[in-house]
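Here are the chains, one letter per residue:
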Amino acid sequence: MDKTIAFFGAGNLAEAIIAGITRTNVVTKEQVLVANRSDKARLDLIAEKYGVTCKRSKEEMVQEADIIILAMKPKDAGDYLNWLKDYIKPHHIVISVIAGLSIEQMEKTLGEDIPVIRTMPNTSALIGQSATAISKGSNVEPSQLYLAEELFQTVGTTKIVDEAHMHTITAIAGSGPAFFYYMVEAMENAAVEAGLDRDTALELLTQTVIGAGKMLESSGEDPEQLRINITSPSGTTEAGLNQLMENGFDKVIKACVEGARKRSVEITNGQK
Ligand SMILES: NC(=O)C1=CN([C@@H]2O[C@H](COP(=O)(O)OP(=O)(O)OC[C@H]3O[C@@H](n4cnc5c(N)ncnc54)[C@H](O)[C@@H]3O)[C@@H](O)[C@H]2O)C=CC1
Ligand SMILES: O=C(O)[C@@H]1CCC=N1
């Protein structure tokens, strides 16, 4: 890809994407420019680890960039967009990974003529396994959308979606890995309480999650059928599932997804 990519924000998510795009050589390291607001040590670490360029001024970065990636927290996005609007040109493509920041909000500040793309990746980008949803603004050419897909395909799979679904997608795919990690933590703790050593528990759980994910991906069965296949009548799985059902698992998960989704709506509405 003959494009220069400027990251504004060098946090966890930016690092995951930088790791992916530098690993796959979709652009050269020199074509990746990174800025952070204040944490210089963090920037030095990113420069050392990935060989990307972290020494340009923010103004120079915008001038050199073809693609500008917004990777700061939602609360910092407004100030940054207000700054960017004086430097941005219609040849730039702006890609946001920020939860709750709408295309309308970006276009309103930057101008209707600026191509703006909203995405929702997750931190599995670090190992090339993100599930990234992508929505395009009103001024995005098919070739520009393709470029965004190409970029995020270096860190996993991509799916073009209607922006209206971004709140839900942020809950299940952006935040989603954290919910699975929490479930693994809970299962690990339960196994340890029952006397298994932590390392063995985590090793077995990790492969169990990987195996289940790969079955979902490639067995051709839906999750319900895969669950049924494991559940022998009067067996151990049935006994465990009964506990989940009796203790309101479905309700808890629904509340979890709804809580995350609602928070995304609140962020869009400017709530702290
Ligand atoms: N962490 C995750 O799993 C995911 C995060 N996101 C989104 O990615 C964004 C970043 O999240 P994290 O990386 O977790 O946050 P983080 O807090 O680790 O990193 C954000 C960085 O942006 C920097 N920053 C703030 N204002 C800046 C500016 N004007 N110019 C340059 N840098 C600036 C901060 O100094 C900080 O280092 C958030 O908006 C979040 O909604 C999206 C999907 C998943
Ligand atoms: O928790 C957050 O707000 C971000 C967005 C999706 C995942 N992490």
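Residues numbered from 1 in each chain as written. Chains lettered and ligands numbered in written order. Predicted model: local features only at pLDDT ≥ 70, side-chain atom pairs only at ≥ 80, totals over all residues.

For the protein, the name recorded in an unreviewed UniProt entry is Pyrroline-5-carboxylate reductase, with Oceanobacillus jeddahense as its organism. The record in UniProt for the protein states the following under Function (unreviewed entry): "Catalyzes the reduction of 1-pyrroline-5-carboxylate (PCA) to L-proline." (UniProt positions renumbered as here; feature names shortened; annotations may be inferred.)

(A) Layout of the confidence of the model for the protein. Averaged over the protein, the pLDDT score is 96; the fraction of residues at 70 or greater is 100%. Scored as a complex, the prediction yields pTM 0.96 and ipTM 0.98. (pLDDT = per-residue confidence, 0-100.)

(B) Here's a closer look at unusual backbone geometry. Its identity is not glycine, yet Asn25 carries a phi of approximately 55°, on the positive side. By the secondary structure assignment, Asn25 is in the loop between α1 (12-23) and β2 (32-35). A residue is classified by how many C-beta atoms lie within 10 Å of it, and Asn25, with 10 of them, is exposed. Phi is positive for Ser234, close to 60°, though the residue is something other than glycine. When you line up the elements, Ser234 lands in the loop between α10 (223-230) and α11 (236-246). When the 7 C-beta atoms within 10 Å are taken as the criterion, Ser234 is described as exposed. (Helix = DSSP H or I, 4+ residues; strand = E, 2+ residues; numbered from the N terminus. Buried ≥ 20, exposed ≤ 12 C-beta atoms within 10 Å, placed from the backbone.)

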